[in-house]
Structure formats: C-alpha cells, structure tokens
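A structural walkthrough
Each chain, letter by letter, is given below.
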Amino acid sequence: MTTRMTRRGMLATFGAALATPAFLRRATAAEVTLRLHHFMPAMTSTQTQVFEPWAKELAEASDGRIEVQIFPSMQLGGKPPQLVDQVRGGTCDMAWTLTVYTPDRYLVAETLSLPFMATSAKQTSAAMQSLMSEFGQNEYRGVKPLAFHTHAAGKFHMSKTPIMGAADMKGLRVRSPNKTTGDLLASLGAEPVFFPVTEMVVGLSNGVIDGCCLPYEAVPALKLHELTHEHSAAASGARGLYTNTFALVMNERVYERLPDDLRGVIDAASGPVLSDRMGSNFDTSEEVGRQAVLASGNAIHEIPAQEIARWREAAAPIHENWTRKLEQAGLDGPAIMARANALLDGATS
C-alpha cells in the first residue's frame, strides 16, 4: 500500500507539473542569470521603481530565459568607485554607478555634473544619453553601456540659514556633491566639505556642517526634513544648481556571448528608453521629497533668477577650465560644451 500510494503521489506530482503553465515552468530555469550591483539601499526608488520592474520585463520579454538578480548596498563587496571595474572584471554582470565617484576618468559623462547644467531629470538624462552617443563612445571601453541618466537639479538643505543669495553662504560649511560644485560654492563664499552621504547625515546631526546640496529625492531616505529646516531651489525656469551623472553598464563579454535574440531583448529595453525611464523616475521622486518637506512644516525658498544669473557668471571659469580639461584629453572641448548646452536648451539636432 505504501508503494502504491507513493506511485500515485509521484504520478499526481508529475501531472501537476505538466498542468503548470509553460511560462511559470520556464521562469524557474533561466538560461542567463545577470547580477546587477549598486551602491544605494534596496528601498531607493531606482531599485523599486526602475530596476525591479525592468528585471521583470526582461524575464517576460525573454520568455523566462533572462533573470536579473539585484544586489544593493554593495552586497557583492568593494566600494562604489570600483563598480565599473567590477563589471569589467566579472565580479558582477551589471552595475549602476555614479560618474563622479571616479573624478576625471569619464570626462564626457561627467560634463553634465558641472554647475548649472541641469533642467529636469528627464531632459538632462536625455541630454546625457545623446551627448554620450555623440562624443563618449570610447569612454567605457570593456563594458557595454546600457543607459546614462541624471537626477533632478540639486537644492540647498540648511539647518538654520535660508539661502537666497551668495551673501547668505558666507562662512557656512556646506556638503558638496562633487568637486566642481564645491568650486562654485567656494567662489560664492561657502566652505565646501566633501562627505559621503552616510557621514553627511552624522555631520548634520552634530553640527559639523551647516547644510548640504542634494535633490529633494534624497529627503525621505535621509530624513533631511528632520535634520534641516530651510530649503532653497533655483527660480522656476532657471537652470538648477547642479546634477550628478549616472551610468548603467554591463560586462561586454557577457553581452556578446548572449544569443542574438537575448541581446535584442536587452537592447530594446536599454538606451534612450531606459534613460528616459530613469530620469522620469527621479522627477517623480523629486516631487515626493518636496511634499515631505512641505508636510514637515519646513520653509521652501526660491533663489531669484537674477541671483542665479550672477552665480552662472561666477561658474564661467569652472566651465572654461573643464573645456580645457576635455581638450587636454584629446576631446573637442568646445563642441562638447556647446552640444551639452544646446541639448539642455531643447535642441534636438
């Protein structure tokens, strides 16, 4: 009886397997597993609203043959500046990285992180994607770029002092997101400080710094609406203070070894379509962060357009120095800068 029941159980199990829809059976046996490594926590909107849906769509479009496993917070080891090299060396198959983590290494990609090279995240991401396709083809050798994008324009988040003009920054210690923005802050009278985000939170808590520059998108995760009380953004219609540039890259050898149809699946879900998706997500998250500031009762200030125009004049030498740096690297600095500005101003050709 025991044997007979066991056989029946086996037959029942086998029958159930045959009755399972084909797409579910294939989903348990992916042909290709790709490990995506990044530096942000798992709850960041880029993972929950972009990477996780994107991974699901790749699985569906490949009929279950592609599986993307996501490893946030540097779970595969190393430090954020090493992410591109981890992809190149095979520690992971894909990585999402911040360009300014390796200053001066990817000069074309870093160009849009200069002061006042930001509009919306969607438009600035499109500008970066176009700029890289036209001038940055050789920057990411050994890896396959899947998308380039930016976050929305950064704002001031200050503990006590509202920023309405350069005079308000005199003597204040402000966390800068990158070197060129730090150069601008210094020229306006602030003392720029360079902290990783985790250390920045501690610095705000104990008063080591007076404020920071970040997009509103970072407010909820870092609890900036509790650590700071005065928030300032450039006047509507003016270029934003700064943005940072990002790249999503894939191991080139892994990509090239894929069957043609699977490469096609990845190609169709990458490039401009993914850049637009990532930029749009940052714009959506920007409003979420802004609403968190408003709900906290904190003050939001608008820096007048005339003041931003004066700050842009102060940033001119920074742009000139960057143009020379591009030329010293054998690139057409004036053409890259002109094209970046044209793209930000809405030119398409």
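Everything below is about the structure printed above this text.
Residues numbered from 1 in each chain as written. Predicted model: local features only at pLDDT ≥ 70, side-chain atom pairs only at ≥ 80, totals over all residues. Heavy atoms only, no water.

1. A short note on the overall build of the protein
As a reminder, the rule being used: Put simply, DSSP H or I for four residues or longer makes a helix, DSSP E for two residues or longer makes a strand, and each gets a number counted from the N terminus. Summary of the burial criterion: residues with accessible area below 20% of their type's maximum are buried, those above 50% are exposed, and those between are partly exposed, where the area comes from a 1.4 Å probe applied to protein chains only. Areas reported as accessible are Shrake-Rupley estimates using a 1.4 Å probe. Residue values count occlusion only from the protein chains shown. The sign given to each residue is positive for Lys and Arg and negative for Asp and Glu; His and the chain ends receive no count. Think of each charge as sitting on NZ of Lys, CZ of Arg, CG of Asp or CD of Glu.
Check the secondary structure of the protein and you find 15 helices and eleven strands. Its C-alpha atoms give the protein principal-axis dimensions of roughly 90 × 50 × 35 Å. Classification of the 349 residues of the protein by burial places 48% in the buried group. When the accessible surface of the protein is totalled, it reaches about 15,700 Å², and 55% of it is carbon and sulfur. Charge separation in the protein, taken as the distance between the mean sites of 32 positive and 36 negative side-chain charges, equals 8 Å.

2. With respect to helix H3 (residues 45-61)
Stated formally: The span you would expect from a helix comes to 1.5 Å times its residue count less one. Given a residue, its bend is the angle between the two axes fitted to the seven residues that end at it and to the seven that start from it.
The end-to-end C-alpha distance of H3, which contains 17 residues, comes to 23 Å, matching closely the 24 Å that a straight helix rising 1.5 Å per residue would cover. Maximum bend of H3: about 30 degrees, positioned at Phe51, with proline Pro53 one to four residues after it. Taken as a whole, H3 has its buried residues at Ser45, Thr46, Gln47, Val50, Phe51, Trp54, Ala55 and Leu58. One or two steps after H3, the chain reaches Asp63, where phi turns positive at roughly 60 degrees.

3. Thoughts on the pattern of salt bridges
The line we're drawing: Every case where a carboxyl oxygen of Asp or Glu lies within 4 Å of a side-chain nitrogen of Lys or Arg is listed as a salt bridge.
For the structure on display, the rule yields 16 salt bridges. Of the charged contacts in the structure, one is a salt bridge between Asp93 and Arg35, with a shortest N-O distance of 3.1 Å. Of this pair, Asp93 sits in the loop between helix H4 (83-89) and strand S3 (94-98) while Arg35 sits in strand S1 (residues 32-38), and the two are 58 residues apart along the sequence. Relative accessible area serves as the criterion here: at 7%, Asp93 is assigned to the buried category.

4. Describing the sheet that holds strand S5 (residues 155-158)
Note the threshold: In this analysis, strands are considered paired if DSSP registers two or more bridges between them. Inter-axis angles, ranging from 0 to 180 degrees, are taken between N-to-C directions of lines fitted to C-alpha atoms, where helices are fitted over the stretch in contact. Only heavy atoms matter for contacts: two residues are in contact if any of them lie within 4.5 Å across the pair.
Reading across the sheet, the six strands line up as S7-S6-S8-S5-S9-S11 and stay open at both edges, with mixed pairing between neighbours. Looking at the sheet topology across the chains shown, the edges are occupied by strand S7 (191-193) and strand S11 (299-303). Mean inter-strand twist for the sheet, computed between neighbouring axes without regard to direction, equals 25 degrees. Lying over the sheet, helix H8 (residues 197-206) contacts strand S6 (173-175) and strand S8 (211-214), oriented at roughly 145 degrees with respect to S8.

5. Considering the packing of aromatic side chains
Here the distance between the centres and the angle between the planes together describe a pair of aromatic rings. Heads up, the rule is: For this analysis, a ring pair means two rings from Phe, Tyr or Trp (six-membered ring only for Trp) whose centres lie within 6.5 Å, classed as stacked if their planes differ by under 30 degrees, edge-to-face if by over 60, and tilted for the remaining angles. Placement of a charge over a ring requires the Lys NZ or Arg CZ to be within 6 Å of the ring centre, with the centre-to-atom vector within 35 degrees of the ring normal.
Evaluation of the coordinates by the stated rule reveals eight aromatic pairs. Of the aromatic side chains, those joined through ring pairs into one cluster are Phe39, Phe51, Trp96, Tyr101, Phe246 and Phe282. Here the basic side chain of Arg263 rests over the ring of Tyr255, its NZ or CZ set 6.0 Å away from the ring centre.

6. A look at H8
Heads up, the rule is: This arc is taken over the directions from the axis of the helix to the C-beta atoms.
Restricting attention to buried positions, one finds in H8 the residues Met200, Gly203 and Leu204. Along the axis of H8, the buried residues cluster in a sector spanning 95 degrees; they form a single face. H8 presents Thr198 and Ser205 as exposed residues on the side facing more than 90 degrees away from its buried surface. Where H8 is buried, its residues meet S6, S8, helix H9 (219-222) and helix H10 (224-227). A positive backbone phi angle near 80 degrees is found at Gly207, which sits one or two residues after H8.

7. So, the nonpolar core
In summary, soluble globular proteins display a tendency toward joint burial of nonpolar side chains. We count it as follows: The term nonpolar core refers to a set of buried residues drawn from Ala, Val, Leu, Ile, Met, Phe, Trp, Tyr and Cys, joined through side-chain atoms within 4.5 Å.
By size, the foremost hydrophobic cluster in this structure holds 94 residues, and its most contacted members are Leu34, Tyr140, Phe156, Met200, Met250 and Trp311. Among the elements that take part in this core, helix H14 (residues 305-328) stands out by supplying six residues, more than any other. Among all residues touching Leu34, those that are not within four sequence positions of it are Ile66, Glu67, Val68, Gln69, Asp93, Met94, Met250, Val254 and Ile266.

8. Describing the pairing of strand S2 (residues 66-71)
Inclusion rule: Call a crossover right-handed when, viewed with both strands pointing away from you, the route from the first strand across the helix to the second goes clockwise.
Of the pairings in the sheet, the one linking S1 to S2 comprises six bridges and is parallel in character. Within the sheet, the bridge partner assigned to Leu36 lies in S2 and is Ile70. Once the chain exits S1 it traverses H3 before rejoining the sheet at S2, and the crossover so formed is right-handed.

9. Observations regarding the environment of Thr91
For Thr91, the position within the fold is in the loop between H4 and S3. For Thr91 and Ala269, which are 178 residues apart along the polypeptide, the C-alpha to C-alpha distance reads 23 Å.

10. A word on the sheet that holds strand S10 (residues 245-251)
Judged by pairing direction, the sheet is mixed, and its five strands sit side by side in the order S2-S1-S3-S10-S4 without closing on themselves. The open sheet has two edge strands, S2 and strand S4 (143-150), and neither has a second partner. Strand-to-strand twist of the sheet, defined as the mean angle between neighbouring strand axes without regard to direction, takes the value 20 degrees.

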